[in-house]
2 protein chains.
Amino acid sequence: MNPGPREEEGLKTNQRITITEVALRDGSHAINHQYTADQVISIAKALDEANVPYIEISHGDGLAGSSLQYGLSRTNEMELIEAAVSVCTASKIGVLLLPGIGTIRHLNEAAKLGIGMARIATHVTEADISAQHIARSKELGLHTVGFLMMSHMAPPRLLAEQAKLMESYGADTVYVVDSAGALLPHQVTERIRALTQSLSVPVGFHGHNNLSLAMGNTLAAIEAGATWIDGSVRCLGAGAGNTQTEVLVAVLDRLGIETGIDVYKIMDLAEEIVAPILLKPQEITRGSLILGYAGVYSSFLLHAERAAEKFGLDARDILLEIGRHKAVGGQEDMIMSVAAELAKGKREAPV
Amino acid sequence: MNPGPREEEGLKTNQRITITEVALRDGSHAINHQYTADQVISIAKALDEANVPYIEISHGDGLAGSSLQYGLSRTNEMELIEAAVSVCTASKIGVLLLPGIGTIRHLNEAAKLGIGMARIATHVTEADISAQHIARSKELGLHTVGFLMMSHMAPPRLLAEQAKLMESYGADTVYVVDSAGALLPHQVTERIRALTQSLSVPVGFHGHNNLSLAMGNTLAAIEAGATWIDGSVRCLGAGAGNTQTEVLVAVLDRLGIETGIDVYKIMDLAEEIVAPILLKPQEITRGSLILGYAGVYSSFLLHAERAAEKFGLDARDILLEIGRHKAVGGQEDMIMSVAAELAKGKREAPV
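Rules behind the numbers
Residues numbered from 1 in each chain as written. Chains lettered and ligands numbered in written order. Predicted model: local features only at pLDDT ≥ 70, side-chain atom pairs only at ≥ 80, totals over all residues. Heavy atoms only, no water. UniProt positions renumbered as here; feature names shortened; annotations may be inferred. Helix = DSSP H or I, 4+ residues; strand = E, 2+ residues; numbered from the N terminus. Polar contact = N/O pair within 3.5 Å; in protein donor to acceptor, adjacent residues only side chain to side chain. Buried < 20%, exposed > 50% of the residue type's maximum accessible area, 1.4 Å probe, protein only. Pairing = 2+ DSSP bridges.

Chain A is annotated in an unreviewed UniProt entry as 4-hydroxy-2-oxovalerate aldolase of Paenibacillus naphthalenovorans. Turning to chain A, the UniProt annotation filed under Sequence similarities (unreviewed entry) states: "Belongs to the 4-hydroxy-2-oxovalerate aldolase family."

If you want it as C-alpha cells, here you go:
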C-alpha cells in the first residue's frame, strides 16, 4: 500500500504498540454471543492476514461465561478457539478468564488447543484472586496478562498496588481496563503513569466508547507509556463498543507508531467481513451513554429500568446513585434497595 | 435531575463553554438535506427546552448551498430558519455562510427572520474573502463567527494569521474547524494555543469523528483554551459526524464545566426525536475513515472511486495523494489527473 500521511510532530513515544483484537470476545456481547464457527474462521483468517499479533476468543464474560445469567453462546468457545488456531499463521489466539466464572480446568483445556495468551481478569480491587490462575498460565507457557476491570473505580495509587500484585504473581503485562467507558483522558494518563512508574512489566489499556473517548483515551494511554492496546474491529464490544481497531491502526500509522498491522487489510476486513454480521450499529445511545456517565456495568441497565418503573423514578438517577456506591458485577440486587431509598427521599423532599 | 458524578481532578479550566448545535446544518449532509419543517420545529423546540445556546440552521454547505452540485434541500432553508426562530425562547438561531456559495443578500434575508448569529466560513488559507460578509454581519447586529475550514491543512502559525485577519474584520469568535476529521489531539492543542495566544476574541472548535477523535480533540481544545464548541446530537454530520452533543454535555458535566444545558433533556431528545430520523447509523465506515486518514473533503470520495475503477487503482491511494496535494473543495477535477499520474508510476515501477 501507499504509505499514509505522517505527522512531523507526533506523540512523544517511539514504542512499538502490540494490539490485541477483542471483537471475537468483547464483541460477542454485541451480537448476543451468537458467533458461528464459520464467522470466527473468516474473521480470524483475515486478522491473521492483516498481521494482528493477538486475537482474543472467549465468551464475552470469559471462558465458561456461557450461561443463563451471562447469555448462552451459540457455539462452544473451545470449538471457536480450535478453529481460529487452525487458520492463523502469524496471529496468536488469546483467551479471557474471570476467576469465579472460568476455572483452571478451562484454562488447561484452552492451552491444549494451542493458544498463546491468557488474560486473567478481576475487579480492580480484587487482584488477589488472580494468583493461582496467573501462576498456572505461566506454567502453561502462555503470555500472561493481568486485567484490572472497572479501573475507573480505583484511584491511581490503589490501582498501581493491585497491578503490582498481579506482577508479583507472574503477569507479563498488566492492563488498565475501562470496562464502563467511564474514564476521561486525564484520568487515563494518571492511571497509566502510576502503573508504568511502579511496574517492571509492560502496561496495557482497554477502552470503551460510552463517552466517545475510547480513541482519545487510548492515545492518552500510549502517550503515558502503555504499549499493549486493545481494539475491536468495527467497534464490536459491550456498551458502546471498544476502541475501533481499524481506526486505531490508521491513527497510529499517522503518528508514525509501529503496530505491524496492514492498514488497508484491517479496513477491508472491518467493512467486508465484520460489518455485515452486526445485529445493530455500534452507536452511542442513551443507554450506553448513561452507563459511561454513571460508571456502571452494562448489566445494571435493565435492572435499573425495572426498578425505575416500579418506584416511579428515572432509571438514570438510580444508575448515578449506584455509580456513587461503586457497585460491582454481581451486585445487581443493590439496585432495588437503592431505588427504594431514592423513592423515599423523593417523597420526603419533593423537588 | 440528579447531579451527576463529578471529578476531583478535572481539566485545568474554569471557563464556561458555549455550545452550538449543528445537527440542523452539518447534520443535513447525513440525511441528504431532506429536513422537513416539522422535523426542524420539533428538534429546535427540544433543543430550546434543553437550553442549548445556539442552533445552526442552513443547508449543509451554508446558505444557498441547495443546488445540484451540493445536493438539493427538500425544504427552503429560510422557511426552516423562520420556523425554528418562532419556537425558540432561549436558544438563538445561527446560519452558516460560505462566501461564493451564499451572498450578502442571503445573510440579509436570514437576519430579517430573527437569527442571532452568522458564521462566515472560508478555506483555512482564504480568510481574506470573509471581510465584507463579517462586516455586514456585524452591521446586522449578529454574533459573528469566523470559521476556518480544513484547519488541518495549515500549520499553527499560518492558522493564527488567518484567524487574526477574521478578528480584524470584526469577528466576535474564530473557530478552528476540522472539516475532514483529520486532526490528532496534539495538533488541536497546538492550533488552539496559537489562536488563543494571538487573538483577543474567544476561540472555538468544530470537530469531526472520522478518526474517532471528535470528543478527544474537543477536550484537548477546551484544555488549550477554546470556549466555543460545536456539537451534533446523535453525531449527525458530514463524514463520520461531529462531536456528539449529548455525550459532550455529559462529559463536561463530569468535569464540572458549565454549559447551561440540561443533561437528561439533551439525552432524551437525541434518543426520542433525532435518532428516529436517521437514514443510516453514524458509524465510522471505511469511507469516512479514509477521508480522515487522508485529510480530504467527503465530496472527493465518489470521484476517487470512479477514478480508481478507470485506472485500476485503489481509491485510497488516490485520496492519500490528493491529501498530500492539499486539494480544497472545488478541486475535484484534480482527482483524474492525480490518478493518471499514479497509474503511470505504477506501470513504470511495478511493486
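Novice: Looking at this structure, how should I read the UniProt feature "site: Transition state stabilizer" (unreviewed entry) in chain A?
Specialist: Residues and elements named next belong to chain A. Annotation from UniProt places "site: Transition state stabilizer" (unreviewed entry) at Arg25. Along the chain, Arg25 falls in the loop between β1 (18-21) and α1 (27-30). One polar contact links Arg25 to Glu56, side chain to side chain, over a distance of 2.8 Å.

Novice: What's the story with unusual backbone geometry in this structure? I'm lost.
Specialist: Backbone geometry follows two general trends: most residues other than glycine have a negative phi, and most peptide bonds adopt the trans configuration. Residue and element names in this part refer to chain B. With phi around 70 degrees, Asn51 is a residue other than glycine that occupies positive phi space. Of note in the backbone geometry, Cys235 takes a positive phi value of approximately 75 degrees without being a glycine. Along the chain, the position of Cys235 falls in the loop between β8 (228-231) and α9 (245-254). Under the relative-accessibility criterion, Cys235 is labelled buried at 7%.

Novice: What should I look at first to understand the pairing of β8(B) in this one?
Specialist: Side-chain direction in a regular strand flips from residue to residue, so the side chains alternate between the two faces of the sheet. Residue and element names in this part refer to chain B. Both faces of β8 are covered, namely the face carrying Trp228 and Asp230 and the face carrying Ile229 and Gly231. Looking at chain direction, strand β1 (residues 18-21) and β8 are connected through four bridges and run parallel. Bridging across to β8, Ile19 finds its partner in Ile229. Direction of pairing for strand β7 (residues 203-206) relative to β8: parallel, over a ladder of two bridges.

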